[in-house]
Amino acid sequence: MTVIVLSGPIGAGKSSLTKILAKYLGTKPFYESVDNNPVLPLFYADPQKYAFLLQVFFLNTRFRSIKDALTDDNNVLDRSIYEDALFFQMNADIGRATTEEVDTYYELLNNMMGQLEHMPKKNPDLLVHINVSYDTMIKRIQKRGRPYEQLSYDATLEDYYKRLLRYYEPWYEKYDYSPKMEINGDELDFVSNDHDLQLVLDQIVAKLKDLGKLPTSWDKPTNIKISQ
Ligand SMILES: Nc1ncnc2c1ncn2[C@@H]1O[C@H](COP(=O)(O)OP(=O)(O)O)[C@@H](O)[C@H]1O
Ligand SMILES: Nc1nc2c(ncn2[C@H]2C[C@H](O)[C@@H](COP(=O)(O)O)O2)c(=O)[nH]1
């Protein structure tokens, strides 16, 4: 039984890989609340006003997802509570949260993380982090086409996205809730290239076998087409 959490910048391919991995490993995917998130468009229209509210929305859904996942013990999460503070801290650092909001946020987050320590399973089994450059990130954001994420919607998003990328390296280095591994999302097109996809899946399966989370005899499924 395995809980895998994915991480990575916007458009890195987390949702795509979550869907593929869940199918490949026969586990249940948990996706981020994006299309059903009423605060996200408000945030992009007025980040100063909505940064705290958006974070509380994400934190709440991520807390629910990680609790469910640690209970089910058979899941893949496309982003998780462990990445939540990265976003909020970055927004706070550019002046989008008051001192009171920052204090309240960390108190809430610490409370939630404390609750997780009482779960029978306390941590995920593996973090799969997808690295992408700024150029790849922008191409993917354009490909996905959400209007409010485009640079044409707000030119300051270029700085926001570049800043976000800078926060990821120290975050990944510091992350220690589980074993971890990185995928090169610039070079490996696991969405439209079957060879690259198989390489990525092989890397993840090898890591899970190393960790004793998959039997060494585990073989890839033959009855599903993973790229659809
Ligand atoms: N490795 C990849 N190669 C090519 N296209 C990709 C890759 N990963 C994601 N995409 C495309 O980029 C867009 C964003 O991917 P998505 O999985 O939604 O990213 P995330 O969940 O990390 O924001 C989608 O249109 C997806 O098809
Ligand atoms: N301010 C925050 N924004 C967030 C957070 N998590 C996700 N997001 C935004 C970024 C994208 O516009 C969208 C979906 O993210 P993907 O990486 O899944 O494409 O939501 C957050 O915690 N704070």
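Residues numbered from 1 in each chain as written. Chains lettered and ligands numbered in written order. Predicted model: local features only at pLDDT ≥ 70, side-chain atom pairs only at ≥ 80, totals over all residues. Heavy atoms only, no water.

## A short note on helix α7 (residues 157-174)
Logical step 1: A rise of 1.5 Å per residue sets the reference length of α7, with its 18 residues, at 26 Å; its end C-alpha atoms lie 26 Å apart and thus fit the reference within 8%.
Logical step 2: For α7, the full list of buried residues reads L157, Y160, Y161, L164, L165, Y168, W171 and Y172.
Logical step 3: Those residues of α7 that are buried are in contact with β1 (3-7), α2 (39-45), α4 (84-93), β4 (126-131), α6 (134-144) and β5 (180-184). (Helix = DSSP H or I, 4+ residues; strand = E, 2+ residues; numbered from the N terminus. Expected span 1.5 Å × (residues − 1). Buried < 20%, exposed > 50% of the residue type's maximum accessible area, 1.4 Å probe, protein only. Contact = heavy atoms within 4.5 Å.)

## Let's talk about the site of ligand 2
Logical step 1: With respect to spatial proximity, 19 residues lie near ligand 2, and among them K14, Y44, Q55, R62 and E149 are the closest.
Logical step 2: In this structure, an oxygen atom belonging to ligand 2 sits 2.8 Å away from a side-chain N or O atom of K14.
Logical step 3: Interatomic distance of 2.9 Å between a side-chain N/O atom of R144 and an oxygen atom of ligand 2.
Logical step 4: When isolated, ligand 2 has an accessible area of 490 Å², and the protein chains bury 99% of it.
Logical step 5: Broken down by secondary-structure element, the contributors of at least two residues to the shell around ligand 2 are α2, α3 (47-72) and α4. (Near = heavy atom within 4 Å. Polar contact = N/O pair within 3.5 Å; in protein donor to acceptor, adjacent residues only side chain to side chain. Areas by Shrake-Rupley, 256 points an atom, 1.4 Å probe, with all protein chains shown as cover.)

## So, the UniProt feature "domain: Deoxynucleoside kinase" (unreviewed entry) in the protein chain
Logical step 1: In the numbering used here, UniProt assigns the "domain: Deoxynucleoside kinase" (unreviewed entry) feature to residues 4-204.
Logical step 2: Annotated as residues 4-204, this span is 56% helix and 10% strand, and its ends, taken at the C-alpha atoms, are 10 Å apart. (UniProt positions renumbered as here; feature names shortened; annotations may be inferred.)

## Focus on the packing of helix α1 (residues 14-25) against helix α8 (residues 194-210)
Logical step 1: For the pair α1 and α8, interaxial distance at closest approach is 12 Å and the crossing angle is 60 degrees. In terms of orientation, α1 and α8 fall into the oblique class. α1 and α8 meet at a crossing whose hand is right-handed. The segment α1 lies against α8, with L17, I20, L21, Y24 and L25 engaging L197, Q198, V200, L201, D202, I204, V205 and L208.
Logical step 2: Residues belonging to the contact of α1 with α8 are distributed by class as follows: eleven nonpolar, one polar and one charged. (Axes fitted to C-alpha atoms, helices over the stretch in contact; angles between N-to-C directions. Parallel < 35°, antiparallel > 145°, perpendicular 65-115°, else oblique. Left-handed = near helix turned anticlockwise from the far one by under 90°. Nonpolar A, V, L, I, M, F, W, Y, C, P; charged D, E, K, R; others polar.)

## As for the nonpolar core
Logical step 1: Judged by nonpolar contacts, the single largest core of 75 residues is most densely connected at I81, Y161 and I204.
Logical step 2: Counting residues per element, this core draws most heavily on α3, at nine residues.
Logical step 3: The contacts of I81, once residues within four sequence positions are left out, are L59, R62, F63, I66, L109, M112, M113 and L116. (Core = buried A, V, L, I, M, F, W, Y, C linked by side-chain atoms within 4.5 Å.)

## Describing α1
Logical step 1: With twelve residues, α1 should cover 16 Å at 1.5 Å per step; its first-to-last C-alpha distance of 16 Å lies within 8% of that length.
Logical step 2: Within the sequence span of α1, burial applies to K14, L17, T18, I20, L21, A22, Y24 and L25.
Logical step 3: Residues of α1 that are buried make contact with β1, β2 (28-30), β3 (75-77), β4 and α8.
Logical step 4: Downstream of α1 by one or two residues, G26 has phi in the positive range, about 70 degrees.

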